[in-house]
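The residues making up each chain are set out below.
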Amino acid sequence: MGMNMTSQNKIMRAPFSEELTALRKQLSEFIPLLESEPHWYGSIYFERKRSRVYSSNQKQNQATDQLNMGLVLRIYDGHTLFEEATDDLDLHHLKSFISAFIQRVKASAPPQGVSPRTYRVPNWKEKLSLKLDPEIRSQIPESVSPGTEVHFGIRYEQDPLRLSTEGHFLRLAEIISQIKEKAKQVGLAQEALSFINVRQSIAVEDSFFLDRETNISQTLYRVALTLMTMCGAERTFLRVGGLGGMETVHLTDPELTQLLSDLKALTQAERLVPGKYRVIFGPVVTGVLAHEAFGHSQEGDTCARGRSKAWELHHEGARVGNEHATIFNNPAIFQNAGATYAAWGSYFFDEEGWLAQEQVLLDQGKLLAPMTNLTSAIRLNIPRTANGKRESWSSGVYTRQTNTYFSAGDKTLDELMELLGDGYLATQPAGGMEDPKGMGIQVGISYLYEVRNGKLTGKVLKGPAGGDIQMTGYTPDVLNAIIAKSKIDVNTDTPDQSRFPYNDVGGCGKYHKEFVFAGCGGPYILLDPVILG
Amino acid sequence: MTQLNWTLDELKHQLNIHEKIKGWIITEEYIHRRERYFLGENSQLAIDQDRNVHTKSTQVRIFVKLTDPARQGEISKKFFSALPLKSQLESSVEAALHTDYQAWDLPKLPASQEIPSITTLDPKMAEDIDQAMEECTSRISSCVQKKRNTLFNSAELFMAIHQRELHLSNGLTHRSAQTRIYTESAFSYSKRLKDGKIHSDEYMSTQWAVHRDHLPIEALFDESSDRAEHSLQVIKPQPGKYSVIIDSEVLLTLLRGYLSQLRAAYSYHGLPFIKEGSEFIPEATGDLLTITLDPTLNYGASSTSISNQGIIQKPLSVVTQNKVTSNLVDQQYGHYMKLEPTSTEGNIVIEAGTLSYQELTEYSPQVLEILQFSGLFADPHSGTFSSEIRLAKLHDRKNQTVTYIKGGSLSGSIRENFKGLKLSKSTVMRSHFSSEQSHGDGYLGPEYALITDVSIVG
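Quantities reported herein were computed from a predicted structural model and do not represent experimental measurements.

Thresholds, definitions, all that
- Residues numbered from 1 in each chain as written.
- Chains lettered and ligands numbered in written order.
- Predicted model: local features only at pLDDT ≥ 70, side-chain atom pairs only at ≥ 80, totals over all residues.
- Heavy atoms only, no water.
- Helix = DSSP H or I, 4+ residues; strand = E, 2+ residues; numbered from the N terminus.
- Rg over C-alpha atoms; globule rule 2.2 N^0.38 Å.
- Buried < 20%, exposed > 50% of the residue type's maximum accessible area, 1.4 Å probe, protein only.
- Contact = heavy atoms within 4.5 Å.
- Areas by Shrake-Rupley, 256 points an atom, 1.4 Å probe, with all protein chains shown as cover.
- Lys, Arg positive; Asp, Glu negative; His and termini not counted.
- Charge placed at Lys NZ, Arg CZ, Asp CG, Glu CD.
- Domains from an automatic or database assignment.
- Buried area = accessible area lost by both parts, 1.4 Å probe.
- Phe/Tyr/Trp six-rings, centres within 6.5 Å; stacked < 30°, edge-to-face > 60°.
- Lys NZ or Arg CZ within 6 Å of the ring centre and 35° of its normal.
- pLDDT = per-residue confidence, 0-100.
- Disulfide = S-S within 2.5 Å.
- Arc of directions from axis to C-beta.
- Salt bridge = Lys/Arg side-chain N within 4 Å of Asp/Glu carboxyl O.
- Polar contact = N/O pair within 3.5 Å; in protein donor to acceptor, adjacent residues only side chain to side chain.
- Nonpolar A, V, L, I, M, F, W, Y, C, P; charged D, E, K, R; others polar.
- Pairing = 2+ DSSP bridges.
- Axes fitted to C-alpha atoms, helices over the stretch in contact; angles between N-to-C directions.
- Parallel < 35°, antiparallel > 145°, perpendicular 65-115°, else oblique.
- Left-handed = near helix turned anticlockwise from the far one by under 90°.

J.: Help me out: how do you make sense of the overall build of chain A in this one?
T.: Within chain A, the regular secondary structure consists of 13 helices and 27 strands. For 533 residues, the compact-globule formula gives about 24 Å, and the C-alpha radius of gyration of chain A, at 24 Å, lands near that figure. Along the first, second and third principal axes, the C-alpha set of chain A runs to 70 × 60 × 45 Å. Within chain A, the fraction of its 533 residues that count as buried is 64%. Excluding contacts between residues fewer than 6 apart, the proportion of contacts in chain A whose partners are at least 24 apart in sequence is 74%. Of the roughly 19,200 Å² that chain A leaves accessible, carbon and sulfur atoms contribute 51%. Side chains of chain A carry 55 positive and 62 negative charges; the gap between the two charge centres is 2 Å.

Below you can see the structure in the form of structure tokens.
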């Protein structure tokens, strides 16, 4: 499935919001003020996130409407990144705000005995010399210059803003109806289905970044649909979504059937005996493994803080996995596997104005340079990458992952299952946690499917206490335990058509807080042994 | 952008005169936050980022009349003063008209003298947050310069003042303020192995508080340094079932989720529900839990005088000697289920036990004391929880040894592993805030708890 580029189908892109035009112009005039000292690097980041959430259960139809909007003034003085963030966009107030901010920075004493690390701002020529996805390059005017207002709009097919509130609730009611019907088909009594919730979220995210060389904006449409079904305390989830239009939230019959079959199976599930096992991870669980492994340890600010073993190992050239262990981070996935829409963790530029690019973090077991935000790139003296992200405009910027995934292999799913023989299939994630210095790892799994002789037995297992299962271990041991990987197109023998594996809808917390959106995915991978408990 | 600032009074007026609107709740919050991110540079404290944040939000919950008087519509929306008021209001009402809830009414306006006064503000932080930031930075700098076997890696310091105004369409206006402070510190320890390779690990400690006096910065830094040093003297646990000591932070995490099963809303929606009169922990034989939700604790993270629905909050006994003594009934769901509303907010206060920390460590032949979980995930519906073990101590009573443990995972269930619960006699106060916008979670209770028969895999 690829983009339909016939002359009848016009590419539709999210436009820049006209009501932000005047603000963008006004703010760009403030940049020289933020660079009033010769060694200062000044920039401004603005974001506006508007979201509507429609939610239905058996007793209520609910709606929320949120708008979060604010800007961040930034001065980097060679030692410290100073930020002043506000949602007061009144021009007179902003002028006072900037004045007070500049005074604050001037009053801060630089550290003793430390030379400043000056930042040299790259120009457009330098930025365009990097390898950029066509989706990005095609939206940059040919004669771009510092004053050019460049806008990147996410591509979509079915306008997510067209459907009315009534239309959304009718759609959710239809899905609930389908769930009840499917429940009967899989043998789940209606009275046993104690809770159903369907939630549709649609967000419009506008942002722009300004510095002396750059004036760029982007508008993303973020759409997701989440289904939750419960039988008593047992619960199954299904979540679909991406960046684009309503085409990102298409549900299939097999997905709904699986959701309810699993719920029924959970009510009769046995408990796993903790131990070492042979397991196939599905794409999302594979993505969580990539995210928690190298992943978090390859976040530049963690390296700059001395908190990552990966930084030392990268310099030693040490191997931390076998030939199957190749992990990417990529905010520029504008076609998610075979889909025509962008992956959840994608964008055109990060919140510090760096254009999105694919990056290899781990290459067949060998660590490469980490992801960065501005200050970590400067401190580590390595190239910048597009990984400066915040929970919102009011939060600080950290090095954050975007879409993190394993590279694909060459097996079909059937071939992997045959290789597995007796073991388990894990496709439902339940969180995870990194240990960047100690190199432990935790990947949560909601439940396992039992496999015997390469075939699913229909049995489902929960953790030893009846809850989630945790895969834990020493990260290099786990990455050396990968036996084989599937293709992206798992059910065909032919070479992959898609460039990237599927990256699922997800999120990430850093240092136990600071939540951001992130995609994670990859192929199916077969590992032996892994510790499950 | 056109600046179309409107006032709160204008918003209230428009809400009151709108023919479709039957009621509303406005929560206005102004937050001033300072943040510093530190790292070590040439054995000194360096400031990587220094932030100042001002944010104001106006969150409105609007209730609208539907054709069927037994039903109503509702929407929660953040209103922005830089955007036109009328268009925000009309789009909200239009959307709310398509939602569907069983109808309910806000409570009668309580007499102002009935609303208790609670202390939730660190006065010095509130008076001059920048000065408070400088003082704490100076303390952190001293902690970093203290001679240690470990290496300081990084720290963060956040201070915030939250000022809130609650306005209800029944005439209630209530003002409150809360300070919040967060600190984390990370230290690492290294040693050179015989083959020349460097073996290293780290430990990060974090803590929240409402008042600076409840955030022992120096002790936190000493703890992370000490535990980093022990992180290299570790072995993996042997698989099996253990008696496990968990601390107050873990107790707060587990119980705040599990206690949601006492909410009337859960019963209404068919979610797992523990009703009044039931056993809180089925077949409990250890220390029987007595839990109060107390919204009046000075500097409690969950302290509040009045709920967002206008119900005065008072201490509420929810569990007494393992029996559920009260469900949590807010105005909305009380209306639905024909129950009297109760307090629904408050810090979790647990009656202390009788054992000392030493006695807990000797309770079983081997006791695993969790110092830190890597990432504790707890399911509020089933009461199950699991995590990798970041660092623990294995107390062996027979051999009189204490061994540091790292790795492996723990898998537990409140319903199963809390049966033989033993609580410490020492108590602590704890706070946790998961996001800027939400109320916090507060705790006052046993510093440690011992749970039994917990599955561990190495």
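J.: Help me out: how do you make sense of the domain arrangement of chain B in this one?
T.: Often, the extent of an interface is quoted as the loss of accessible area on bringing the components together. Residues and elements named next belong to chain B. According to the domain assignment, chain B consists of domain 1 (8–232) and domain 2 (235–457). Taking the mean C-alpha position of each, domain 1 and domain 2 sit 23 Å from one another. Each side of the interface is counted separately: domain 1 has 45 residues, and domain 2 has 39 residues. Here domain 1 and domain 2 share an interface that buries about 3,500 Å² over both sides, 54% of which is from carbon and sulfur atoms.

J.: It is not clear to me how the packing of aromatic side chains should be interpreted in this structure. Could you clarify?
T.: A complete count under the given rule lists 29 aromatic pairs over all chains for this structure. Plain terms: the ring middles of tyrosine 182 of chain B and tryptophan 208 of chain B are 4.8 Å apart, the flat faces sit at 45° to each other, and that makes the pair tilted. Here tyrosine 182 of chain B, found in strand 6 (residues 173–192), pairs with tryptophan 208 of chain B, found in strand 7 (residues 198–209); they are 26 residues apart in sequence, far enough to count as distant. Given the relative accessible area of 16%, tryptophan 208 of chain B is considered buried. Among the aromatic residues, those joined into a cluster by ring pairs are Tyr398 of chain A together with Tyr37, Phe158, Tyr182, Trp208 and Phe433 of chain B. Its end group placed over the ring of phenylalanine 16 of chain A, arginine 24 of chain A keeps NZ or CZ at 4.8 Å from the ring centre.

J.: In this structure, what is going on with the environment of proline 341 of chain B? I would like to understand it.
T.: For proline 341 of chain B, the location among the structural elements is in the loop between helix 8 (331–337) and strand 13 (347–350). Those residues in contact with proline 341 of chain B that sit more than four places away from it in its chain are Ile311, Val329, Asp330 and Gln331 of chain B.

J.: How should I be thinking about the confidence of the model for chain B in this particular structure?
T.: The predicted structure's coordinates, where accompanied by low pLDDT, should not be read in detail. Taken over all residues, the pLDDT of chain B has a mean of 96, while the share at 70 or more is 99%. Confidence estimates for the predicted assembly give a pTM of 0.96 and an ipTM of 0.96.

J.: What exactly am I supposed to notice about the state of the cysteines here?
T.: Working definition: the covalent bond between the sulfur atoms of two cysteines is a disulfide. If you walk through the whole model with that rule in mind, you get 0 disulfides over all chains. Of all cysteine sulfurs, the one in cysteine 508 of chain A lies closest to cysteine 520 of chain A, which takes part in no disulfide; the gap is 9.4 Å.

J.: What is the right way to look at helix 12 (residues 413–420) of chain A in this model?
T.: At 3.6 residues per turn, the α-helix brings residues three or four places apart onto the same side. Residues and elements named next belong to chain A. Here helix 12 has its buried residues at Leu413, Leu416, Met417 and Leu420. Along the axis of helix 12, the buried residues cluster in a sector spanning 100°; they form a single face. Structural note: helix 12 exposes Asp414 and Glu418 on the side pointing more than 90 degrees away from its buried face. Contacts from the buried residues of helix 12 go to strand 11 (275–281), strand 18 (423–426), strand 21 (448–452), strand 22 (455–462), strand 24 (482–485) and strand 27 (525–532).

J.: Would you take a moment to explain the side chain of lysine 12 of chain B for this structure?
T.: All names here are of chain B. By the secondary structure assignment, lysine 12 is in helix 1 (residues 8–17). Buried charge without a partner: lysine 12 forms no salt bridge, and the closest opposite charge is aspartate 9, 4.6 Å away. Excluding anything up to four places from it in sequence, lysine 12 contacts Trp24, Ile26, His167 and Thr173.

J.: Hey, could you run me through the interface of chain A and chain B in this one?
T.: The interface of chain A with chain B comprises 90 residues on the first partner and 81 residues on the second. Approximately 6,800 Å² of surface area, both sides summed, lies buried where chain A meets chain B, with 47% of it carried by carbon and sulfur atoms. Our enumeration of links across chain A and chain B arrives at 14 salt bridges. With a closest N to O distance of 3.2 Å, lysine 77 of chain B and aspartate 65 of chain A form a salt bridge. The tally of links between chain A and chain B comes to 46 residue pairs in polar contact (both at pLDDT 80 or more). If you tally residues by element for the side of chain A that touches chain B, the top one is strand 3 (residues 61–76) of chain A, at 10 residues. Partitioned by chemical class, the residues of the side of chain A that touches chain B number 31 nonpolar, 34 polar and 25 charged. In the sheet, strand 4 (residues 81–86) of chain A pairs with strand 2 (residues 44–65) of chain B via 6 bridges, with the strands oriented parallel. Pairing of glutamate 84 of chain A across the sheet is with asparagine 52 of chain B, part of strand 2 of chain B.

J.: In this structure, what is going on with the packing of helix 6 (residues 165–185) of chain A against helix 7 (residues 253–266) of chain A? I would like to understand it.
T.: When two helices pack together, you describe them by how their axes are tilted relative to each other and by the distance separating the axes. Residue and element names in this part refer to chain A. Look at helix 6 against helix 7: their axes get within 9 Å of each other, and the N-to-C directions meet at 60°. Our classification of the angle between helix 6 and helix 7 gives oblique. Here the hand of the crossing between helix 6 and helix 7 comes out right-handed. Contacts between helix 6 and helix 7 involve Gln178, Ile179, Lys182 and Ala183 from the former and Asp253, Leu256, Thr257 and Leu260 from the latter.

J.: Sorry, what's going on with the pattern of salt bridges here?
T.: Summed over all chains, the structure comprises 67 salt bridges over all chains. For the salt bridge of glutamate 35 of chain A with arginine 212 of chain A, the shortest nitrogen-to-oxygen distance reads 3.0 Å. Placement of glutamate 35 of chain A in the loop between helix 2 (31–34) and strand 2 (41–57) and of arginine 212 of chain A in the loop between strand 7 (195–210) and strand 8 (215–231) is noted, with a sequence separation of 177 residues between them. The partner of glutamate 135 of chain B in a salt bridge is arginine 212 of chain B, with the nearest N and O atoms 3.2 Å apart.

J.: So what exactly am I meant to see when it comes to the sheet that holds strand 13 (residues 359–363) of chain A here?
T.: Hydrogen bonds between backbone groups are what pair the strands of a sheet, and the pairing can be parallel or antiparallel. All names here are of chain A. Sheet architecture is open: 6 strands sit in the order 14-13-12-17-26-25, paired in mixed fashion. Single-partner strands in this sheet number two, and they are strand 14 (366–367) and strand 25 (503–510). Examined bridge by bridge, strand 13 and strand 14 share 2 bridges and lie antiparallel to one another. For aspartate 363, the partnering residue across the bridge sits in strand 14 and is lysine 366.

J.: Sorry, what's going on with the environment of alanine 343 of chain A here?
T.: All names here are of chain A. Inspection of the secondary structure puts alanine 343 in the loop between strand 12 (327–329) and strand 13. Residues alanine 343 and serine 308, 35 residues apart in the sequence, show an inter-C-alpha distance of 27 Å. Leaving out residues up to four positions away in the same chain, alanine 343 has contacts with Leu243, Ile333, Asn336, Asn403 and Asn503.

J.: Would you take a moment to explain the side chain of histidine 174 of chain B for this structure?
T.: Looking at the secondary structure, you find histidine 174 of chain B in strand 6. Those residues within four positions of histidine 174 of chain B in sequence are excluded, and the remaining contacts are Ile115, Arg164, Glu165, Leu166, Ser305 and Ile306 of chain B.

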